[in-house]
Amino acid sequence: MTDVMDRPALKVVGTRPIRPDGVDKVTGRAQFGADFHLPGMLVGKIKRSPHAHARIVSIDTRKARALAGVKAVITAADLPDLASQEYEAGESASNLRDLSQNCMARDKALYQGHALAAVAAVSAQVADEALDLIEVVYEVLPHVIDVEAAMEPSAPVLHAHLFTEGLAERPATASNIAKVNRLGRGDLEAGFGEADVVVQGRYTTKAVHQGYIEPHACVAQVSQDGQCQVWSSSQGQFMVRTYCAKILGLEIADIRVTPAEIGGGFGGKTTVYLEPLALALSRQSGHPVKMVMTREEVFRATGPTSGAVIEVKLGAKQDGTIVAADVVLKYQAGAFPGSPVGAGSMTALAAYDIPNVAITGYDVVTNSPKVAAYRAPGAPISAFGVESAIDDLARELGMDPIVLREKNGVVSGVKAVYGPTYRDIGYLETLKAIKDHPHYAAPLGPNQGRGVAVGFWFNVGGESTAAVHVNEDGSAVVVTGNPDIGGSRASMAMMAAEVLGLPVEQVRPIVADTASIGFSMLTGGSRTTFATGMAVTQAAGKIVEDVKRRAALIWDTTVDKVAWESGQAVCLDATKSAVKPLTLAAIAAQAGRTGGPISAEVSLNAQGAGPGFAVHLCDVEIDRETGHVTVVRYTAAQDVGRAIHPAYVEGQIQGGVAQGVGWALNEEYIFDADGQMENAGFLDYRVPVASDLPMIDAVLVEVPNPRHPFGAKGVGEAPIVPPLAAVANAVRDALGVRMCDLPLSPPKIRAVVDGLAS
Amino acid sequence: MSKRHISTTVNGDAAEFLAEPGATLLDALRDELRLTGAKEGCGSGDCGACSVMVDGRLVCACLMLAPEAEGRRIETIEGMAQGGRLHPLQQKFLEHAALQCGFCTPGLLVAAKALLDQNPDPSETEVRYWLAGNLCRCTGYDKVIRAVMDAAADLRQVRRAS
Ligand code: FES
Ligand code: FES
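Residues numbered from 1 in each chain as written. Chains lettered and ligands numbered in written order. Predicted model: local features only at pLDDT ≥ 70, side-chain atom pairs only at ≥ 80, totals over all residues. Heavy atoms only, no water.

Across the boundary between the two partners, chain A contributes 51 residues, which contact 45 residues of chain B. Taking both partners together, chain A and chain B bury about 3900 Å²; carbon and sulfur atoms supply 59% of that area. Together, A:Val26, A:Ile213 and A:Met695 form the three largest contributors to the area buried by chain A at its contact with chain B, with a combined 19%. When the shortest N-O distance is used, the salt bridge between A:Glu667 and B:Arg137 registers 2.8 Å. Applying the counting criterion to the chain A and chain B interface returns 20 residue pairs in polar contact (both at pLDDT 80 or more). Secondary structure elements with two or more residues in the side of chain A that touches chain B: helix H1 (22-26) and helix H18 (646-665) of chain A. (Contact = heavy atoms within 4.5 Å. Buried area = accessible area lost by both parts, 1.4 Å probe. Salt bridge = Lys/Arg side-chain N within 4 Å of Asp/Glu carboxyl O. Polar contact = N/O pair within 3.5 Å; in protein donor to acceptor, adjacent residues only side chain to side chain. Helix = DSSP H or I, 4+ residues; strand = E, 2+ residues; numbered from the N terminus.)

If you want it as structure tokens, here you go:
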């Protein structure tokens with residue numbers, strides 16, 4: 001391939017065209033999960049547990065079944081009772097038994113909102129009546145939601161079969177601690193022995209929800225010959241297909257999943273809740289079934305991410321060299337094992353080159369909804385603790401917080417605590433971008449404070465398929481299997497256009513159903529532009545090779561005498577001086593005579609994703625009367641490798657910052673004494689609104705990833721990692737007091753301000 | 001309970017539908033008239049994804065009962081582009097990349113148009129407070145606010161020119 005890494009040679013990559021799916025989305029035409037309609041469609045609804053922890057003694061569905069207009073009623077008895085089995089699909093492994101029992105409780109309800117039964121009826125009203133007629137007998141059990149309380153030996157045990165993994169010996173009794181994982185190197189004790197200064201802290205975060213504005217929704221149809229169709233909003237149609245097949249015991253070949261437009265996911269739509277139930281209801285009723293969650297159901301039964309306790313101890317020499325770090329992470333997993341504590345551990349110190357390190361992570365089940373991935377799963381939580389402690393260390397040492405981070409920052413060639421040796425990373429460049437930014441030196445007003453924090457995310461590659469078809473007129477279609485959650489279709493079209501030498505408007509990107517394109521892992525892990533983009537680029541590259549061969553045929557020369565320049569085949573054969581270059585359109589017009597349709601498909605398992613580093617700078621202002629914290633200025637720099645569509649890269653950064661600010665200041669799951677979520681709506685679970693935020697200055701640092709054809713690195717996740725600590729450090733700066741418990745809501749700020757006054 | 005017959009005007013055309021007494025205007029638009037541009041993000045008036053205009057007033061369609069629409073003039077996102085041409089707000093949303101998933105976008109556009117119809121020259125703060133009822137989880141609002149301000153500037157020019 002020509003040297004596409006050479007920026008001046010790029011015509012499309014790095015520009016800001018209008019996204020190809022944009023018009024449908026500004027006119028209301030785009031079809032999201034709840035927008036599908038089929039003739040004869042029924043409404044499916046779910047009966048949920050009112051208790052946080054209860055044995056299900058019996059479920060009697062007879063009255064519901066007898067109600068006129070009810071066409072199907074299912075419980076766990078209608079699903080196969082799966083054995084425990086880890087299954088790799090998407091970002092992390094899932095246990096199929098747990099996945100199935102999260103969709104439908106079997107013996108126990110493990111959180112308030114846990115699904116117990118589902119009905120399909122001719123209308124929503126009839127479905128609601130049917131739910132009321134389902135009689136469930138519970139034996140209410142004591143529950144536990146707080147992570148440390150759940151770790152106590154005396155805590156109510158959620159799963160009698162759960163024995164802590166990762167200990168030297170298998171424990172004798174069941175526990176809520178699903179797993180202990182340890183990571184480290186060097187000699188911690190010796191390290192702290194060398195330290196002149198030691199800082200430590202204990203930090204807590206609350207469970208927060210991904211908060212996508214579109215509730216989960218799907219339509220499912222099972223025909224009489226067992227062929228299944230699903231239309232749903234998810235981060236991966238292949239993930240939905242796999243999980244439905246496993247949960248229902250169906251053949252993959254009998255299921256076709258069509259991705260709807262997805263109204264936000266942020267990791268929360270990397271699993272299934274509704275689809276298997278809708279299929280089971282459709283199978284029983286013989287009708288298509290639509291299921292749409294209410295917002296309350298979204299809060300009570302999907303997402304969130306872990307609430308956690310983070311303990312950090314850092315030791316440094318007087319010159320700022322950090323010599324030891326001890327980090328303990330305790331993450332809520334919700335009802336089933338699988339919190340993101342592993343990723344939280346691996347990312348916690350990924351930006352620091354420290355010789356003596358121990359990181360211990362606990363994955364703890366609790367009577368709350370099973371956590372789902374949320375943007376850089378686990379990383380913002382551990383970063384909140386570590387970056388708060390680093391800030392304290394800088395103060396203790398009297399050092400500039402960026403200089404301290406530079407002094408201990410990782411560079412290419414350094415081995416990360418979590419294993420690999422960094423290559424082509426742009427962390428120091430990103431720190432410098434913030435240090436040199438006018439914001440860093442700008443004066444602060446009264447009651448204002450400034451905070452810095454950094455964040456890391458691995459970014460992943462993985463399996464993707466892409467096809468490129470050249471139309472008869474020389475325009476092209478790009479087909480991928482990755483739902484577009486933030487403008488990725490634009491990037492796919494741009495990369496193909498770049499290679500083919502076409503204007504981007506002549507490339508239409510399509511996200512296909514599972515029967516129309518080869519397998520692709522879900523959209524997650526910031527992998528799509530990297531991995532699927534690589535497949536697109538390679539498929540377009542194959543097209544170029546093919547049309548060069550065809551041009552050689554037309555010109556009666558050899559393919560090595562044909563060059564591809566600016567979207568045209570150029571003849572280099574000196575004996576054919578008279579021939580004019582052939583455009584893609586000209587070659588496409590003669591496709592029939594040169595070998596038939598021009599098409600290429602590439603399936604690959606992309607390796608070599610480049611990790612992302614983000615450095616954020618936040619100014620807050622504190623209203624000492626009300627305790628309200630306002631973010632007044634925010635600058636976020638990130639090494640993005642190379643921005644394919646810079647506006648959507650900025651958008652990822654700005655969106656991640658907004659979510660992180662919400663996590664820092666407002667958002668939290670609040671449970672009452674009975675384990676009921678008290679704020680399951682957008683009124684009381686307050687995500688940031690337009691008037692809460694300033695403009696967010698996104699600074700793109702471009703240290704290209706040589707293992708991607710255009711140098712791209714994943715960008716979507718790193719931006720949510722620093723904000724929790726950036727905000728908390730700014731509050732520390734403004735108040736002079738370190739606050740360790742998120743969210744930094746007005747009552748907590750008031751308490752500190754009142755304490756200072758007295 | 002029997003359904004009621006409702007007559008309204010939707011995006012300039014007469015529209016009739018049947019509605020349960022307890023159904024919301026949003027249900028009627030989406031399920032009866034199949035105008036699915038207005039979205040349900042919460043059903044409780046907290047997200048603005050269902051924003052529509054009723055007799056020139058911005059409302060959350062999820063908070064209004066369908067029978068209350070009798071005799072009213074309703075405007076939805078589907079009516080915003082005129083005769084094959086996007087409204088300047090729609091165009092600016094595209095140019096500024098003011099949408100990621102696009103789920104909040106119809107509501108934001110309807111709400112932003114309601115603002116510019118009554119205040120052609122809003123400050124950034126005014127735009128932010130006006131749109132505070134429209135949640136967007138993807139964009140951090142930055143590009144949304146820029147798009148609205150830019151559309152307002154464009155519309156002012158058009159007005160001055162005419
Ligand atoms: S759906 Fe009406 S305000 Fe959210
Ligand atoms: S663009 Fe996704 S919610 Fe606004």
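With that settled, consider helix H3 (residues 105-118) of chain B. If you check H3(B), its first and last C-alpha atoms are 20 Å apart, about what 14 residues at 1.5 Å a residue would give, namely 20 Å. Elements in contact with the buried residues of H3(B): H1 of chain A together with strand E3 (51-54), strand E4 (57-60), helix H2 (88-95), helix H4 (124-130) and helix H5 (142-161) of chain B. (Expected span 1.5 Å × (residues − 1).)

All names here are of chain B. Once the domains are mapped, chain B shows domain 1 (4-78) and domain 2 (88-161). Between domain 1 and domain 2, the C-alpha centre-to-centre distance is 22 Å. In this complex, domain 1 contributes 15 residues to the contact, which on the side of domain 2 involves 13 residues. Both faces considered, domain 1 and domain 2 share a buried interface measuring about 1000 Å² in area, 70% of it formed by carbon and sulfur atoms. If you look at where domain 1 meets domain 2, you find zero salt bridges. Put simply, domain 1 and domain 2 have four residue pairs in polar contact (both at pLDDT 80 or more) between them. (Domains from an automatic or database assignment.)

On to the pattern of salt bridges. Residue and element names in this part refer to chain A. Summed over all chains, the structure comprises 53 salt bridges over all chains. Note that Lys45 is salt-bridged to Asp128, the shortest N-O span being 3.4 Å. With Lys45 in strand E1 (residues 42-48) and Asp128 in helix H4 (residues 124-133), the pair connects residues that are 83 residues apart, well separated along the chain. Residue Lys45 is classed as partly exposed on the basis of its relative accessible area of 23%. On the basis of relative accessible area, Asp128 is assigned to the partly exposed category, the value being 35%. With a closest N to O distance of 2.9 Å, Glu296 and Arg300 form a salt bridge. Note that Glu296 and Arg300 are positioned in helix H9 (residues 295-301) at a spacing of four residues, about one turn of the helix. Since its relative accessible area comes to 42%, Glu296 is described here as partly exposed. Accessibility expressed as a relative area gives 16% for Arg300, which makes it buried. Among the charged side chains, a network of salt bridges with common partners joins Arg19, Asp21, Lys25, Glu261, Asp484 and Arg489. (Buried < 20%, exposed > 50% of the residue type's maximum accessible area, 1.4 Å probe, protein only.)

Moving on, we get to unusual backbone geometry. Residue and element names in this part refer to chain A. Between Leu742 and Pro743 the backbone carries a cis peptide bond, its omega angle lying at -10°. Locating Pro743 in the fold gives a position in the loop between helix H19 (723-735) and helix H20 (746-757). A positive phi is found at Asn447, a non-glycine position, where the angle reads about 60°. For Asn447, the location among the structural elements is in the loop between helix H14 (438-441) and strand E18 (448-457).

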